[in-house]
Structure formats: structure tokens, C-alpha cells
Amino acid sequence: RNYPPSILLYGIAGAGKTALVSQLSGAYLFDFDRGMRTAATLKDKFFSARQLIEFDEYIDENPAAPRAYQDALKKLNSFVDLASKKQLPFDAIVIDSLTSLCKYSQLHVQSLGGKNNPMGDPFARMEIQNYGSLIHVVEKFLTLLRGLSILTVVVAHVDVEEDAVPGKIGEFRITSKFAKS
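These numbers come from a predicted model, not from an experiment.

## Concerning the nonpolar core
Now for step 1: Counting residues in hydrophobic clusters, the biggest one holds 28 residues, and the most contacted among them are F30, F32, F79, I93, I95, F141 and L148.
Now for step 2: Looking at this core, the elements that each hand over two or more residues are β2 (27–31), α4 (68–84), β4 (92–96), α5 (98–111) and α6 (128–147).
Now for step 3: If you tally residues by element for this core, the top one is α4, at six residues.
Now for step 4: The contacts of F141, once residues within four sequence positions are left out, are F30, F32, Y69, A72, L73, L76, I95 and L101.
Now for step 5: Listed in part, the 12 residues of the second largest apolar core include V21, A40, V94 and V153.

Right under this line is the structure:
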């Protein structure tokens, strides 16, 4: 169908995922991790390429009054509007990272309140209905993103534990927590 691909890069923190995706020429990066602070200053042969990517940080400086998800959604909606007019200036969109997008989406959902959280406390215990809302807001973001007819790259973190390998000094085995369940 000649539709641009979607790519998922996942791995442990520090593996170089952000350094890799930040080299995409003509891309916009939703930085939910502050990873571009490191990637943009990494002095290697790709330094000049990383200076060309446009990005904004979406961080909740005050988690008691979360805005990161709403600000990112507003930006994405502006891209959808530009794309509908054939004026989108980007060839690719990067989400760095899906893990943090979900974290900020959770703060957003919790801040809205509800039956068991009438004060809208973003730190309240998640209730079953909040998980449905969380899935909805993340799905909304990803659906809008997929609606843009451009390359989509999503970075995610692997939730891992490092266990020392018995009898081998300095060697580790990385085990996914999800594989244990």
C-alpha cells in the first residue's frame, strides 16, 4: 500500500536508542525523557546530524499539576492539521519514549479525578476504570500519530533486572520482568 513504516526501538536505558533516532533528518521528536539533552551533546561522527532534528521536551515539572500529555497532544493535533493541508514540514515523527508517554498519560488521567478520586490527585491509587482511561488517552495519541502518512519511530524501555552471573566477575544476565510472569 506504499504506506510509511512504523518502527519500534526498545532496549535498556543507555543503549543508544535516543542517539540513534535523533539522527533522523527532517524529523520531529517528542522528548518525554529529556534524552535529547544527552544525545544533542554526544561528540561523535553523528554530532552534526543530531543538531538538525527538531524537538520539544514534554516533562511534568510539577506532577501535582500535570501538563506534559496535554501539551504533546496539542502539538500532535497541530501536526494533524498541517498534514491535512499538506503543509507538515516533517518526514518522520519520533516518540521518545512510549514508556514516559504512558507515565505522563497516567498523571493526566489521575489528575482528571473520578468516582474514587474526586479531588483529581495524580498520585492516587489507580483504579480499574483509570486503566481504561489510560489506555484510551495513549491509544488516542498513537492513533493520531498513525494517521500521519510519515515514518513513525517509537522508542521504549525494556523493564529489566540485572543479575550477576554466578561464578563470572563483571558479567550480567539481563532478565525481563515480563518474562517471569
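## Here we look at unusual backbone geometry
Now for step 1: A cis geometry characterises the amide bond from D96 onward to S97, with omega recorded as 10°.
Now for step 2: Its location among the elements puts S97 in the loop between β4 and α5.
Now for step 3: Within the chain, R34 stands out as a residue other than glycine whose phi angle is a positive 60°.
Now for step 4: Phi at K86 takes a positive value of approximately 60°, unusual for a residue other than glycine.
Now for step 5: Positionally, K86 belongs in the loop between α4 and β4.
Now for step 6: By relative accessible area, K86 is classed as exposed at 78%.

## Digging into the packing of α5 against α6
Now for step 1: Between α5 and α6, the least distance of the axes is 9 Å, while the angle of their chain directions is 130°. What the angle tells us is that α5 and α6 run oblique. The two elements α5 and α6 meet at a crossing, and its hand is right-handed. Contacts between α5 and α6 involve L98, L101, C102, S105, Q106, H108, V109 and Q110 on the former and, on the latter, N130, S133, L134, V137, V138, F141 and L142.
Now for step 2: Its residues assigned to classes, the contact of α5 with α6 shows nine nonpolar, six polar and no charged.

Conventions adopted
Residues numbered from 1 in each chain as written. Predicted model: local features only at pLDDT ≥ 70, side-chain atom pairs only at ≥ 80, totals over all residues. Heavy atoms only, no water. Core = buried A, V, L, I, M, F, W, Y, C linked by side-chain atoms within 4.5 Å. Buried < 20%, exposed > 50% of the residue type's maximum accessible area, 1.4 Å probe, protein only. Helix = DSSP H or I, 4+ residues; strand = E, 2+ residues; numbered from the N terminus. Contact = heavy atoms within 4.5 Å. Axes fitted to C-alpha atoms, helices over the stretch in contact; angles between N-to-C directions. Parallel < 35°, antiparallel > 145°, perpendicular 65-115°, else oblique. Left-handed = near helix turned anticlockwise from the far one by under 90°. Nonpolar A, V, L, I, M, F, W, Y, C, P; charged D, E, K, R; others polar.

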